[in-house]
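Residue-level structure breakdown
Single-letter residue listing:
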Amino acid sequence: IKRDVDELFSILPFEVEFFEDKHHYPIHYVGNPTVDEVTAFRAEHPETYDDFIRETGLDPKPIIALLAGSRKQEIKDNLSRMIEASRAFPEYQFVIAGAPGIAPEFYQIYTEGNAKIVFGQTYDLLSHAVAALVTSGTATLETALFCVPQVVCYYTACGKLVSFLRRHILKVKYISLVNLIAGKEVVSELVADGMTVNNVKEQLAKILPGGEGRSRMQKEYESLIRILGESGASDRAAVQIVELLRQKYNRSSK
């Protein structure tokens, strides 16, 4: 990167420390476009809970969102465990955010009809959910920006081996963007052999209304949002790029 890249624009704040402090390569943190997307959605969709329930045909019970990933292998590995854990919370309805390109029939294999599915409405779902079970990825950050308490779930085969390698070889402590950006454990991460039905039930109970960890997580989300900065990442990047190109042109024309 030092050899071939003149200017680097970052959308993750922890990359500044990595590039500048560790490798002495200055970069530009411009903010995160996911903040822009969530902010724009909230401004344009003042839909009420009753509207959402009516449009989707869901029950009036409080919603727990299931974001089980966008790839078939992720869904296969995580969704069945999420559904099994959901049986401990009959007062809630568990609603799956269907991924683009995944047929409803594929989800039914792992849900046995025990959860509803909505497609193309992930942000609508998050804006009305009281909690979420989320497979690691950008979805963890989106869930945090909607201030929805979450448990991060990522099952893998050979879980004990993966957990061992993670503890003894990997240099990063966390897998979720929420914890990586915060630099500490804000959301629980159930990874590899830690992704069990009992662990999901235990951690989910803590963040439901009345749970001991709910308000703490929501306060941590507020700090996370401050770290990410205001919306407008794309505009800031464009302005900086134009200014840097102008400076380079002016220097070369002298």
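That block above? That's the structure.
In short, a report on the structure. Worth saying up front: this structure is predicted, and the values here are computed from it rather than measured. (Residues numbered from 1 in each chain as written. Predicted model: local features only at pLDDT ≥ 70, side-chain atom pairs only at ≥ 80, totals over all residues. Heavy atoms only, no water.)

**A few points about the overall build of the chain**
Put simply, the rule reads: For helices the rule is a DSSP run of H or I covering at least 4 residues; for strands it is a run of E covering at least 2, with both sets numbered from the N terminus onward. When a residue's accessible area, from a 1.4 Å probe over protein chains only, is under 20% of the maximum for its type it is buried; when over 50% it is exposed; and in between it is partly exposed. Only heavy atoms enter the contact rule, under which two residues are in contact if any of them lie within 4.5 Å. We treat Lys and Arg as the positive residues and Asp and Glu as the negative residues; His and chain ends play no part in the count. Just so you know, the charge point we use is NZ for Lys, CZ for Arg, CG for Asp and CD for Glu.
The helix and strand tally for the chain stands at twelve helices and eight strands. When each of the 254 residues of the chain is scored for burial, the buried share is 43%. In the chain, once contacts between residues fewer than 6 apart in sequence are set aside, the share between residues at least 24 apart is 63%. Here the chain contributes 29 positive and 33 negative side-chain charges, whose respective centroids are spaced 6 Å apart.

**Description of unusual backbone geometry**
Even without a glycine there, the phi angle at His24 is positive, about 55 degrees. Mapped onto the elements of the fold, His24 is located in the loop between helix 1 (14-23) and strand 2 (28-29). Using a relative accessible area of 63% as the deciding quantity, one classes His24 as exposed. For Ala192, which is not glycine, the phi dihedral falls at a positive 55 degrees. As for its placement among the helices and strands, Ala192 is situated in the loop between strand 8 (188-191) and helix 10 (197-207).

**Notes on helix 4 (residues 72-86)**
Counted only if it meets this: For a helix, the expected span equals 1.5 Å multiplied by the residue count minus one. In this scheme, the bend at a residue equals the angle between the axes fitted to the seven residues that finish there and the seven that begin there.
For helix 4, built from 15 residues, the straight-helix expectation of 21 Å at 1.5 Å per residue is met to within 8% by its first-to-last C-alpha distance of 20 Å. Along its length, helix 4 shows its largest kink, about 30 degrees, at Asn78. Listing the buried residues of helix 4 in full gives Glu74, Ile75, Asp77, Asn78, Leu79, Met82, Ile83, Ala85 and Ser86. Each element contacted by the buried residues of helix 4 is listed here: strand 3 (63-67), strand 4 (93-98), helix 5 (104-111), strand 6 (129-135), strand 7 (150-154) and helix 10.

**Here's the deal with the side chain of Ser176**
The cut-off we apply is this: Whenever a nitrogen or oxygen atom comes within 3.5 Å of another N or O atom, the pair is scored as a polar contact, on the condition that within protein one atom can donate a hydrogen and the other can accept it, and that pairs from neighbouring residues in sequence are kept only if both atoms are in side chains.
For Ser176, the location among the structural elements is in the loop between helix 8 (159-168) and helix 9 (177-182). Since its relative accessible area comes to 0%, Ser176 is described here as buried. Of note is the side chain of Ser176, whose polar atom sits 2.8 Å from the side chain of Glu189. With residues up to four places along the chain from it excluded, the contact list for Ser176 reads Ser136, Thr140, Val152, Val187 and Glu189.

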